[in-house]
Every structure is written in C-alpha cells, then in structure tokens.
Amino acid sequence: MALNLHVKFCGLQNVGDVSAAVSAGARYVGFVFFEKSPRNVSLQQVAPLALEVPLGLCKVALTVNADDAFLDALTDAVAVDMLQLHGSETPARVTEVKQRYGLPVMKAVGIAQAEDLAQLDAYMDVADQILVDAKPPKGSALPGGNGLAFDWRLLAGRSWPKPWMLAGGLTPENVAEAARMTGARQVDVSSGVETHPGVKDSGLIAAFGKAAKV
C-alpha cells in the first residue's frame, strides 16, 4: 500500500525553494521566523514568497516564544494559514494564540524518551495539530532543525485524537521507514533536504517528495 504522506517542507527562503516544494507535492510549506536559525526569513522577505504558494497548500509560520507584538506584525504582513509554535509555549499560551488570531495552531513537542510522550496529551487538548520532533541537545541554540532523529519505536502503536506530524532527522532515505514504524501520515523535513544549513537542494526536495509517496 502506498504511503502517500502529507509533506511539510519547512525553512523555505526563496522562490526556488517554494517552487521545488510545490513540484514535489507539498501539502504544507513552512517559513521560519527565528533569528538564530539559518533558515530565518524576515516579514519583508516572506511576503512575496507566500504569493508563490498555490491555493490549497497550507502556509505555516514557525515562531519560537513569539510575543503578541511580533505575531500581530506577522499576521498583518503575511496571509498565513497556520501558526507553528516551536518554543516552550504552554498549553495556556497555545489557547491564547488560537483565540487572538483565529488561526489553526500546530505545537511542536520534543521527544527523547518515553517520559516525554506525556507532554503530547497536554497539547493535544488545545492545539489543532502536534509536531512530534526530536528534543534538541542540551545547549543547542535551535529548538528544531538540528537534523536529529529520536527513537521512532517510542511512537509505534500509539494513536492520538488530533492530526500529528513526524519531524526530526528525516531524509529521502529514511522517511518511508520512519512512517511505517510510527504510523505517521504527515512528515516534516527541513535539514534533510539541504546541502548546508539553510540551503535547500531541489533534487533532495524532489527525492523526499517521491519517497513520501512510495
């Protein structure tokens, strides 16, 4: 049976990235608004990129512990379809953001061991989707996009009431195995389709899209 995964290509920074993601069958395209990330884009940079995204694809804005002032500016400048909270935002903050902006919210949760799974339930109650990512190493400046995978067996046989997306260390070579091990129907990739941090490769994007449909 074909996987036919829904793919989110994240950390897109130019028209070429967006075009490659669309051609590879993306269901979501992600833009990163976090200055410490090599994939960071400004509101001025992303506005024309968002216009390149065809109707029907979900434009996701990734932020990290952003305050209302920044989210106000973001949502005024760009017509995004979903907000991704990738910091230490609490369930209460997720609820606040949903109510203030009227947009679906995806909350990223870092996983390293079985004990971390309890966090998923708390956020499932308030978020529209969950991004299950690898927990960043201690001292890392980035909450995600580190190219690290966690033990996918931790998710085997589990199910949740909300849509969720698998992230962390996914590549064209391992995405099919990861989906089969975890039962994921949606996957997120960023560093796994790059030649250098922040530099996307259209060939790798195409290969990932193909592998996600096998």
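Below, the structure is looked at part by part. Since the model is a prediction, treat every value here as computed from it, not as a measurement.

### Notes on the overall build of the protein
Alright, step 1. Helix and strand counts for the protein come out as seven helices and 10 strands.
Alright, step 2. With the principal axes as the frame, the protein shows a C-alpha extent of 40 × 40 × 35 Å.
Alright, step 3. A buried classification covers 51% of the 214 residues belonging to the protein.
Alright, step 4. In the protein, 56% of the contacts between residues at least 6 apart in sequence involve partners at least 24 apart.
Alright, step 5. Looking at the protein as shown, the accessible area adds up to about 9,500 Å², and 53% of this sits on carbon and sulfur atoms.
Alright, step 6. One way to put it: in the protein the 19 positive side-chain charges average out to a point 5 Å from where the 22 negative ones average out.

### Here's the deal with helix α2 (residues 43-51)
Alright, step 1. All buried positions along α2 are accounted for by Leu43, Val46, Leu49 and Ala50. End-on view of α2: buried residues confined to an arc of 120°, all on one side of the axis. α2 presents Gln44 and Leu51 as exposed residues on the side facing more than 90 degrees away from its buried surface.
Alright, step 2. Buried-residue contacts for α2 involve α1 (15-23), β2 (28-33), β3 (58-63) and α3 (68-77).

### Some remarks on the packing of aromatic side chains
Alright, step 1. Applying the stated rule across the entire model yields three aromatic pairs.
Alright, step 2. Each ring, one from Trp160 and one from Trp164, has its centre 5.5 Å from the other, and the planes form 80°; the classification is edge-to-face. In this structure, Trp160 and Trp164 share a single accessibility class: buried.

### Some details on the environment of Met165
Alright, step 1. Looking at where Met165 falls in the secondary structure, it is placed in strand β7 (residues 164-166).
Alright, step 2. Look at Met165 and you get buried, because its relative accessible area is 0%.
Alright, step 3. Separated by 83 residues in sequence, Met165 and Met82 place their C-alpha atoms 14 Å apart.
Alright, step 4. If we skip the residues at most four places from it in the chain, Met165 touches Lys8, Tyr28, Met106, Gln129, Ile130, Leu131, Val132, Gln186, Val187 and Asp188.

### Observations concerning the environment of Glu177
Alright, step 1. Note that Glu177 resides in helix α6 (residues 175-182).
Alright, step 2. Each C-alpha atom, one on Glu177 and one on Ile111, is 18 Å from the other, the two residues being 66 residues apart in sequence.

### Some thoughts on the pattern of salt bridges
Pairing of side chains with opposite charge becomes possible as their charged atoms draw close.
Alright, step 1. Scanning the model with the defined rule gives 12 salt bridges in all.
Alright, step 2. One salt bridge connects Arg93 with Glu96, and the closest N-O pair in it is separated by 3.1 Å. Note that Arg93 and Glu96 are positioned in helix α4 (residues 91-101) at a spacing of three residues, about one turn of the helix.
Alright, step 3. A salt bridge links Lys135 to Asp116, with the shortest nitrogen-to-oxygen separation between them at 3.0 Å. Taken together, the positions of Lys135 in the loop between β6 (129-134) and β7 and Asp116 in the loop between β5 (105-111) and α5 (118-124) put the pair 19 residues apart, joining distant regions of the chain.
Alright, step 4. Asp116 sits in the buried class, given a relative accessible area of 7%.
Alright, step 5. Among the charged side chains, a network of salt bridges with common partners joins Asp68, Asp72, Arg93, Glu96 and Arg100.

### Brief notes about the packing of α3 against α4
Alright, step 1. One can describe the packing of α3 onto α4 by two numbers: an axis separation of 12 Å at closest approach and a directional angle of 40°. The handedness of the crossing between α3 and α4 is right-handed. Counted together, Asp68, Leu71, Asp72 and Thr75 of α3 and Arg93, Val97, Arg100 and Tyr101 of α4 form the full contact between these two elements.
Alright, step 2. Its residues placed into classes, the contact of α3 with α4 shows three nonpolar, one polar and four charged.

### Considering unusual backbone geometry
Alright, step 1. Positive phi outside glycine occurs at Asn4, with the angle close to 50°.
Alright, step 2. With respect to the secondary-structure elements, Asn4 resides in the segment before β1 (6-10).
Alright, step 3. Accessibility expressed as a relative area gives 48% for Asn4, which makes it partly exposed.

About the criteria used
Residues numbered from 1 in each chain as written. Predicted model: local features only at pLDDT ≥ 70, side-chain atom pairs only at ≥ 80, totals over all residues. Heavy atoms only, no water. Helix = DSSP H or I, 4+ residues; strand = E, 2+ residues; numbered from the N terminus. Buried < 20%, exposed > 50% of the residue type's maximum accessible area, 1.4 Å probe, protein only. Contact = heavy atoms within 4.5 Å. Areas by Shrake-Rupley, 256 points an atom, 1.4 Å probe, with all protein chains shown as cover. Lys, Arg positive; Asp, Glu negative; His and termini not counted. Charge placed at Lys NZ, Arg CZ, Asp CG, Glu CD. Arc of directions from axis to C-beta. Phe/Tyr/Trp six-rings, centres within 6.5 Å; stacked < 30°, edge-to-face > 60°. Salt bridge = Lys/Arg side-chain N within 4 Å of Asp/Glu carboxyl O. Axes fitted to C-alpha atoms, helices over the stretch in contact; angles between N-to-C directions. Left-handed = near helix turned anticlockwise from the far one by under 90°. Nonpolar A, V, L, I, M, F, W, Y, C, P; charged D, E, K, R; others polar.

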